[in-house]
Amino acid sequence: YTFFRNNMYFEAIPHLIGDALDSNKILYPSGEGRVSFVSRKDIAEAIATVLTEVTHPNKTYEITGSQAFTFDELAKQINPRMKHSNIPEIQYKKILQSYKLSDPVVDLLLSMARGIKAGEFSHTSNDLESILGRKRLSLSEYIKTLKYVV
């Protein structure tokens, strides 16, 4: 066996920040929780490496970013004028329901926000870079791929 314990993907950021690219406001109940986002492309490459090498049996890899960011820090990385508002969970739930999401999806997204706030996504590890043999994609590099109005 070989286990990959993946942290939250960069590709989730646009969904977590809603219309922040237009409004310059991230409305998210994350408190001071941190997330060490990671690229799905890097993960795919690492999995392919593990599958094609015989040096990974009976291992568990923590697949994370190199640094964990608060949503305040994430906002500033996206745009220096962007702000994060740590809204109450009930307000976030109403926003999600306004998108006509099913109750199970709303519950999942609320659970993710609670996990972020509790620090469940803040762990960092160098396992990914060790497998890849190179630096992983950074948050600032990923942000350059987002389309937004400054």
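For the structure itself, look to the data block above.
Residues numbered from 1 in each chain as written. Predicted model: local features only at pLDDT ≥ 70, side-chain atom pairs only at ≥ 80, totals over all residues. Heavy atoms only, no water.

1. Overview of the overall build of the protein
Move 1: Each helix and strand in the protein was counted, giving eight helices and four strands.
Move 2: Against the globule reference of 15 Å for 150 residues, the protein gives a C-alpha radius of gyration of 17 Å, in line with a compact fold.
Move 3: With the C-alpha coordinates of the protein rotated into their principal frame, the extents come out at 50 × 35 × 25 Å.
Move 4: Here the protein holds 150 residues, and the buried ones make up 42% of them.
Move 5: The long-range fraction of contacts in the protein, counting pairs at least 24 apart against all pairs at least 6 apart in sequence, stands at 84%.
Move 6: Accessible area of the protein: about 8600 Å², with a carbon and sulfur share of 54%.
Move 7: Computed over 19 positive and 17 negative side-chain charges, the separation of the two mean positions in the protein equals 5 Å. (Helix = DSSP H or I, 4+ residues; strand = E, 2+ residues; numbered from the N terminus. Rg over C-alpha atoms; globule rule 2.2 N^0.38 Å. Buried < 20%, exposed > 50% of the residue type's maximum accessible area, 1.4 Å probe, protein only. Contact = heavy atoms within 4.5 Å. Areas by Shrake-Rupley, 256 points an atom, 1.4 Å probe, with all protein chains shown as cover. Lys, Arg positive; Asp, Glu negative; His and termini not counted. Charge placed at Lys NZ, Arg CZ, Asp CG, Glu CD.)

2. Quick word on the packing of helix 5 (residues 89-98) against helix 6 (residues 103-117)
Move 1: Packing of helix 5 against helix 6 brings their axes to within 10 Å, and their N-to-C directions diverge by 145°. Judged by the sense of rotation from one axis to the other, the crossing of helix 5 with helix 6 is right-handed. The segment helix 5 lies against helix 6, with Glu89, Tyr92, Lys93, Leu96 and Gln97 engaging Val106, Leu109, Leu110, Ala113 and Arg114.
Move 2: Of the residues that constitute the contact of helix 5 with helix 6, the class distribution is six nonpolar, one polar and three charged. (Axes fitted to C-alpha atoms, helices over the stretch in contact; angles between N-to-C directions. Left-handed = near helix turned anticlockwise from the far one by under 90°. Nonpolar A, V, L, I, M, F, W, Y, C, P; charged D, E, K, R; others polar.)

3. Regarding the environment of Pro80
Move 1: Looking at where Pro80 falls in the secondary structure, it is placed in the loop between helix 4 (71-78) and strand 4 (83-85).
Move 2: Taking the C-alpha atoms as reference points, Pro80 and Val35, 45 residues apart in sequence, are found 19 Å from one another.

4. Quick word on the packing of aromatic side chains
Move 1: Counted by the stated rule, this structure contains six aromatic pairs.
Move 2: Ring plane angle 40° and centroid distance 5.0 Å describe the contact between Tyr1 and Phe3, whose orientation is recorded as tilted.
Move 3: Tyr1 sits in the exposed class, given a relative accessible area of 55%.
Move 4: Between the aromatic rings of Phe10 and Tyr142, the centroid separation amounts to 5.1 Å while the plane-to-plane angle is 5°, which identifies the pairing as stacked. Of this pair, Phe10 sits in the loop between strand 1 (2-6) and helix 1 (13-17) while Tyr142 sits in helix 8 (residues 139-143), and the two are 132 residues apart along the sequence. An identical accessibility class is assigned to Phe10 and Tyr142; each is buried.
Move 5: Taken together, the aromatic side chains of Phe10, Phe37 and Tyr142 make up a single cluster linked through ring pairs. (Phe/Tyr/Trp six-rings, centres within 6.5 Å; stacked < 30°, edge-to-face > 60°.)

5. Focus: the side chain of Asn79
Move 1: Summarising the element assignment, Asn79 is placed in the loop between helix 4 and strand 4.
Move 2: On the basis of relative accessible area, Asn79 is assigned to the buried category, the value being 2%.
Move 3: In terms of polar contacts, Asn79 uses its side chain to reach the side chain of Asn24, at 3.3 Å.
Move 4: From its side chain, Asn79 meets the backbone nitrogen of Arg81 in a polar contact 2.9 Å long. (Polar contact = N/O pair within 3.5 Å; in protein donor to acceptor, adjacent residues only side chain to side chain.)

6. Details of the pattern of salt bridges
Once their charged atoms are close, side chains differing in charge can pair, the charge on each being opposite to the other.
Move 1: One pass over the full model with this rule turns up seven salt bridges.
Move 2: Across the salt bridge formed by Arg5 and Glu62, the nearest N and O atoms sit 3.4 Å from each other. Linking Arg5 in strand 1 with Glu62 in strand 3 (residues 59-63), this pair joins segments that are 57 residues apart in sequence.
Move 3: The salt bridge involving Glu89 is made with Arg114; its shortest N-O contact spans 2.6 Å. Linking Glu89 in helix 5 with Arg114 in helix 6, this pair joins segments that are 25 residues apart in sequence.
Move 4: One salt-bridge network, held together by shared partners, links Asp42, Glu45 and Arg134. (Salt bridge = Lys/Arg side-chain N within 4 Å of Asp/Glu carboxyl O.)

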